[in-house]
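One letter stands for each residue in the lines below.
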Amino acid sequence: MLSKQIPKDVVLNLGKTVLFHFSSEAIQDGYALYQKGAVYNINVKEETVVTGRVSEEGEHEVSLNLDRFLESSCRCGQPEPCAHIIAVFFQLYASFGPPYQLILEWKSQRGKPKDQEQSSLDRPPKVTEAPQVSEKQTKKRIQNVLSVEEWKSVFDQRFEDFERIKMQNMTFKELEKGEGYTFTHIYREFYPGLLNSATFLDDDIGKLYRFHAQLETFLRLTEYEKQFGIPDYLHSHFRLNLKQLVDGMFKTAMEMDARRLRSKHLDLIEESLREFQNIFKLPSRYFDTIFRVFQVGWATIYHVEKWAVSYEKQLLDEKEKGSRAKFLDMALVHFAFLRDDLKEAFKRMESTEQFSSRHALIWLELLFHWEKWEALLKWLLALKPEFYRKTKDYYKDASVREEFHQYIEFFWKYAQYTGEEKEYEEMLVDCLPVTFYEYNEFLHVQQDFKRWVELQLLMGYSPSLINSADLKDVEQLEMDVLLPIYHQSVDRLIREKNRKSYKLAIRFLKKLQSIYKKLDRSWQFNEYIEKLSAQYGRLRAFQEELRKGKFIHD
């Protein structure tokens, strides 16, 4: 075998610079020759001299000098280093590592200043040896294995196999342009493969495994971005995949019975925590995305008091030493929440811009999930001023609207599950008009139709802007409360002084006539029409519409 006849370090070191001796066209043609199996008869003449043959419109003999590579030769007769020479080198290199890695390294180094290029080449090459795995190993399944370390080992092996297959089938152009193998393959192929590669008798351990498969995929995606980059037009899709994984991890952590798992398999949970800490290796731009998982992880899976106390102390020590890590301050706020220390949590929240109300919504979700109603109300009320301040940007910022209504929903859930509605209604009133739809529904469900009408009048809504089903319900149950809405709308429409408004006013007058008749108060409506006709007697068009509606006669 070539790997035993030639020193490995000689080939790997040469691989760091060899492509810079060739044109892009030669590398492209050479890689294509290597991929289609046109290189054969590789022999070692001396320790650093290798010969081989390349089949391309004939047979070409190549001699590689690994000590002085520029003295390598090919009998094809081309003056420049040719594609046949690099094709033979690719074939040689395949015994020590994946040849596509050379192209990726060469691609990343092109265009750098010479001194930067040299310093980079002096570093150890970022290559992985070609994995020697059997078909059985490649398809290895995890069956009731209670070891995160073993899970991780399978993850690594599967990813090596997955990426090796993807990369080896790519052309030079695809490698150079970053095409052919994209992050979507990781999410759509590698990730489902992990989920389907394990079975457990204990459903909660199966969920813990899924949590780590999701974490592994998240880390692999971020590593892909670091290595290959993401085109601008795919950034939103990439972020969506990350969000889907985070949502999945959050859901998985909430679903498992973490308390039972800790009581039966504390060593496994501790091992899981060590692997979970890999999120701290992520670049800071990912922290806001992954912080939801940090919050739910420490609130559920890893919520062992001594661990939380120890870790919070470690973070405080780092802060005392001057650390300004973004994640540190955010984590300290969350640990205060885990201790149910409202005062300290808000003190820490005020001292950092990183932790926002968006992150505090996770607390409400956790407390609701745990059915801790008193604690939920306490934190809802404590967060009220923060969300109230946000209402000033309600109509400017879609994210503010989304967060605000998530907060309201948790308040509503509290009221629904406890029957305590006082604080919820106070919040709705305090935050008007942005809480109009919620307060409208609340009053309608309570059948407090008098205040429901007052709300419509406050907002200046005419019957044409109010949900017709709501109007119908009120009319059936307490129709007299609707009179002010129609009266106010008629008056407003007449003052607009145009034919279209007059026609709509007549429509509302007919509705008023119907309501007064059902209330057996038609005389009151007739008096109203007389006053209305007299008040607006100079408006000829309106008088015409009154006649058409048969409210007055010539």
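Residues numbered from 1 in each chain as written. Predicted model: local features only at pLDDT ≥ 70, side-chain atom pairs only at ≥ 80, totals over all residues. Heavy atoms only, no water.

A. Spotlight on the packing of helix 21 (residues 398–418) against helix 22 (residues 422–430). Two elements in contact, helix 21 and helix 22, have axes whose closest approach is 8 Å; the angle formed by their N-to-C orientations is 150 degrees. Classified by the angle their axes make, helix 21 and helix 22 are roughly antiparallel. Two packed elements cross with a definite hand, and for helix 21 against helix 22 that hand is left-handed. Contact residues: Y407, I408, F411, W412 and A415 in helix 21; E423, Y424, M427 and L428 in helix 22. Residue composition of the contact of helix 21 with helix 22, grouped by class: eight nonpolar, no polar and one charged. (Axes fitted to C-alpha atoms, helices over the stretch in contact; angles between N-to-C directions. Helix = DSSP H or I, 4+ residues; strand = E, 2+ residues; numbered from the N terminus. Parallel < 35°, antiparallel > 145°, perpendicular 65-115°, else oblique. Left-handed = near helix turned anticlockwise from the far one by under 90°. Contact = heavy atoms within 4.5 Å. Nonpolar A, V, L, I, M, F, W, Y, C, P; charged D, E, K, R; others polar.)

B. Seen up close, the environment of M479. Here M479 is to be found in the loop between helix 25 (468–478) and helix 26 (483–495). For M479, a relative accessible area of 17% gives the class buried. With 40 residues separating them in the primary sequence, M479 and L519 have C-alpha atoms 8.4 Å apart. In this structure, M479 is in contact with V474, I515, K518 and L519, ignoring residues within four places of it in sequence. (Buried < 20%, exposed > 50% of the residue type's maximum accessible area, 1.4 Å probe, protein only.)

C. Quick look at helix 12 (residues 235–255). In a regular helix each residue adds 1.5 Å, so 21 residues correspond to 30 Å; helix 12 covers 30 Å between its end C-alpha atoms and thus fits that length. Taken together, the buried positions of helix 12 are F238, N241, L242, L245, V246, G248, M249, F250, T252, A253 and M254. (Expected span 1.5 Å × (residues − 1).)

D. View of the pairing of strand 3 (residues 59–65). One ladder, built from seven bridges, connects strand 2 (residues 49–55) with strand 3; its direction is antiparallel. The residue of strand 3 that forms the bridge with T51 is S63. Between strand 2 and strand 3, which pair antiparallel one after the other, the connecting turn spans three residues, and E57 there sits at a positive phi close to 50 degrees. Here two bridges tie strand 3 to strand 4 (residues 73–74), and the two strands are oriented antiparallel to one another. Note on strand 4: the bridge partner recorded for S63 is S73. (Pairing = 2+ DSSP bridges.)

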